[in-house]
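Notes for the structure review
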2 protein chains.
Amino acid sequence: MTARYDVQALRRFASGCLLRLGADQEEADILADGLAEGQLRSVIYSNQGFVRVAVYARRVRAGGLRVRAPMRVVQEGPATALFDGANGFGQVAATRAMRIAIEKAKSAGAGAVGVVNSNHFGQASYYGMMAAREGCIGVAVTNASPEIPVSGGAEPMIGTNPWGIAAPTAGDPFVLDLSNAAAGRGAIRHRALRGESVPHGWALDAEGRPTTEPAAALEGLVAPMGGYKGVAITVMMDVLAGVLTGAAFGAAVGSPYEAARPQRVGHFMLAVDISRFIAPETFHERMRSLAGELRDGRRAPGIERLFVPGEPELERRTTAMAEGCELRPEVVGDLESLGAELGVDFPRPLSASC
Amino acid sequence: MTARYDVQALRRFASGCLLRLGADQEEADILADGLAEGQLRSVIYSNQGFVRVAVYARRVRAGGLRVRAPMRVVQEGPATALFDGANGFGQVAATRAMRIAIEKAKSAGAGAVGVVNSNHFGQASYYGMMAAREGCIGVAVTNASPEIPVSGGAEPMIGTNPWGIAAPTAGDPFVLDLSNAAAGRGAIRHRALRGESVPHGWALDAEGRPTTEPAAALEGLVAPMGGYKGVAITVMMDVLAGVLTGAAFGAAVGSPYEAARPQRVGHFMLAVDISRFIAPETFHERMRSLAGELRDGRRAPGIERLFVPGEPELERRTTAMAEGCELRPEVVGDLESLGAELGVDFPRPLSASC
């Protein structure tokens with residue numbers, strides 16, 4: 001039994017909780033917007049979106065995450081900066097860092113900004129889309145607590161280290177947003193708990209062997225996307241977001257679920273100003289042409305439509321804006337409890353469905 | 001029956017052929033070095049390495065590729081440049097572009113360089129490693145002629161668009177080098193021709209459906225790495241290398257095997273100066289620590305070693321330097337014919353094996 005909720009009501013709820021936790025208005029606004037976008041674009045079993053308010057609240061209360069953290073630029077050059085997130089909200093640090101990257105891109109053509117001492121930042125593509133709105137191609141990378149073994153390994157050694165890239169068009173941007181897991185633990189659990197076999201390549205058992213058995217997958221490890229290729233990608237993302245910035249890296253990155261411990265996450269943001277390479281109108285025209293080619297390609301049997309990157313998520317967003325965001329019962333329970341504790345009313349559902 | 005050849009002898013052969021084709025000494029040196037590195041790091045059924053000399057020679061003779069092409073910087077800013085490859089050798093354009101990216105990184109902290117009017121450039125990681133030798137993290141992206149459908153598609157729509165990232169250590173760099181295909185056509189053919197079933201996820205049949213049947217895979221399409229995630233990656237790589245630079249993109253990128261037609265390939269190079277973020281010695285120390293963690297992790301049953309990105313390729317290189325490069329008979333045949341035509345002696349094998 002799931003129910004749908006108006007996104008603006010959820011946004012106000014999230015913002016209200018954050019203010020009660022001591023966040024300032026700018027922090028609350030950034031987080032509410034980031035969580036709303038994550039929620040609107042995600043599938044029901046995702047752990048992106050408003051569910052994170054409860055996770056962040058536990059961290060703030062346990063001292064693992066600071067509100068009103070004294071973030072600052074540590075050092076900068078014409079096309080780079082290192083930004084200290086001061087153990088504040090990842091979304092706030094990442095938003096400020098991407099703003100700097102965009103400024104650098106406007107003045108120098110490209111801006112690469114590292115973030116140290118940060119926390120979970122939500123969806124990587126959110127920051128890429130900030131850059132796309134400013135006529136840049138935007139790239140955002142984060143590291144994360146260990147979930148994936150390297151090829152042949154049998155324990156979590158490295159995070160799924162999500163990354164996003166967004167490129168503008170005359171309309172909606174092309175958006176890549178992914179973790180380097182073949183599938184998230186949420187998706188594996190979703191199948192396994194229904195007794196369905198887990199697709200080839202998604203999971204490893206506790207000994208590190210590929211498995212499609214639901215029980216073995218639940219007890220086992222997340223497999224990398226694309227085998228050894230995904231391992232190489234996720235390691236290099238950790239080099240950019242973790243090793244380069246001075247943040248934790250590898251197995252030392254903290255879990256968002258250990259409430260009292262700073263995660264010491266790092267991020268890497270890149271903005272590249274399109275106008276330094278090609279006239280923006282020409283770029284838009286070329287993007288339109290590429291989108292048309294990809295959408296109009298020959299389809300496999302039973303396939304109704306072909307998509308460009310980010311299009312399925314954008315359509316989920318449009319539906320959720322119109323019909324409300326669907327929340328799992330346990331998410332609603334978490335948020336209702338949080339609201340009761342903080343004295344913020346959780347909104348009523350728009351409707352209930354199965 | 002394969003034979004091994006001394007890499008220096010092969011390098012001299014390649015350089016000699018290129019000079020006879022009209023290349024200048026710098027072009028011949030860049031190509032011979034790039035092809036040697038590709039050869040040394042590749043598996044036997046790869047199409048990287050010296051086999052490309054014959055492909056390039058056909059293109060030069062058919063007018064599809066220019067020697068001594070008048071390459072030039074079209075426009076530049078503090079952290080960016082657009083470089084015109086003038087339909088010359090991809091390796092030469094990419095090497096010059098990465099040199100510019102490194103210079104920009106040294107002066108501004110980051111350098112992003114687009115390349116237009118280029119051709120096949122060999123292994124992407126070669127250019128990343130150029131940056132790593134200069135204390136930078138280097139990223140190189142190329143687009144390529146269409147081989148992969150988007151998810152649900154049934155025809156080649158987009159290239160495998162290889163990319164590479166290299167990051168320095170106190171010793172050998174971490175190196176990511178991959179195409180966005182699950183496996184190359186060479187690897188699929190290698191299995192299929194021996195009648196072996198093709199691993200899950202590698203191939204699609206001619207209708208776009210996943211297949212493990214050797215015959216269907218041979219007649220079908222290359223599958224993206226990691227399903228829809230690999231599709232998104234390869235599309236965004238085309239946006240960076242193709243759409244942004246003014247090069248061809250999508251299905252319009254020319255094949256290296258159409259000898260008379262300029263490929264109109266584009267590349268995107270990025271160099272980020274590590275010292276703008278962290279002291280290089282500290283970075284090296286952190287890389288050493290990450291490498292140790294990954295290598296020393298718990299192993300799955302039957303696994304003898306765990307690797308960091310680029311290590312298997314580096315070990316292949318070490319072996320091939322000591323024992324010679326192994327070439328397939330058809331590659332030797334191609335190169336011997338080319339040598340005979342151009343009056344350049346193909347070297348004798350070091351040994352023959354099965």
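Up top is the structure these notes are about.
Residues numbered from 1 in each chain as written. Chains lettered and ligands numbered in written order. Predicted model: local features only at pLDDT ≥ 70, side-chain atom pairs only at ≥ 80, totals over all residues. Heavy atoms only, no water.

A word on helix 9 (residues 280–295) of chain A. Its 16 residues give helix 9 of chain A an end-to-end C-alpha distance of 22 Å, which sits within 8% of 22 Å, the value for a rise of 1.5 Å per residue. Taken as a whole, helix 9 of chain A has its buried residues at Phe283(A), Arg286(A), Met287(A), Leu290(A), Ala291(A) and Leu294(A). All buried residues of helix 9 of chain A fall inside an arc of 140° around its axis, so they share one side. In helix 9 of chain A, those exposed residues whose orientation departs by more than 90 degrees from the buried face are Glu281(A) and Arg288(A). In this structure, the buried residues of helix 9 of chain A make contact with strand 5 (136–142), strand 6 (163–167) and strand 7 (174–178) of chain A together with helix 8 (228–243) of chain B. (Helix = DSSP H or I, 4+ residues; strand = E, 2+ residues; numbered from the N terminus. Expected span 1.5 Å × (residues − 1). Buried < 20%, exposed > 50% of the residue type's maximum accessible area, 1.4 Å probe, protein only. Arc of directions from axis to C-beta. Contact = heavy atoms within 4.5 Å.)

With that settled, consider the sheet that holds strand 9 (residues 210–211) of chain B. Residues and elements named next belong to chain B. A sheet is described by the order of its strands in space; here three strands give the open sequence 9-8-10, paired in antiparallel fashion. Because the sheet does not close on itself, it has two edges, and the strands there are strand 9 and strand 10 (221–222). Sheet topology note: the strand 8 (residues 203–204)/strand 10 ladder contains two bridges and is antiparallel. Each bridged residue has a counterpart across the sheet, and for Leu 204 the counterpart in strand 10 is Leu 221. (Pairing = 2+ DSSP bridges.)

Attention now goes to the pattern of salt bridges. Applying the stated rule across the entire model yields 34 salt bridges over all chains. Note that Arg194(A) is salt-bridged to Glu196(A), the shortest N-O span being 3.0 Å. You can call Glu196(A) partly exposed: its relative accessible area is 28%. For Glu207(A), the salt bridge goes to Arg298(B), with nearest N and O atoms at 2.9 Å. Pair noted here: Glu207(A) is in the loop between strand 8 (203–204) and strand 9 (210–211) and Arg298(B) is in the loop between helix 9 (280–295) and helix 10 (311–323), and the two residues belong to different chains. Residue classification places Glu207(A) among the partly exposed positions, given a relative accessible area of 31%. Assessed through its relative accessible area of 37%, Arg298(B) is described here as partly exposed. Several salt bridges converge on common partners, so that one network encompasses Arg295(A), Arg305(A), Glu311(A) and Glu315(A). (Salt bridge = Lys/Arg side-chain N within 4 Å of Asp/Glu carboxyl O.)

Since the α-helix advances by 3.6 residues per turn, residues separated by three or four positions end up pointing in the same direction. Residue and element names in this part refer to chain A. The end-to-end C-alpha distance of helix 3 (residues 51–62), which contains twelve residues, comes to 18 Å, matching closely the 16 Å that a straight helix rising 1.5 Å per residue would cover. A large share of helix 3 lies buried, amounting to nine of its twelve residues. The set of residues buried in helix 3 consists of Val 51, Arg 52, Val 53, Ala 54, Val 55, Tyr 56, Ala 57, Arg 59 and Val 60. Contacts from the buried residues of helix 3 go to helix 1 (7–20), helix 2 (25–41), helix 4 (90–108) and helix 11 (329–342). Looking one or two residues past helix 3, Gly 63 carries a phi angle of roughly 85°, positive in sign.

It is worth stressing that arrangement in space is one thing and function is another; only the former is reported here.
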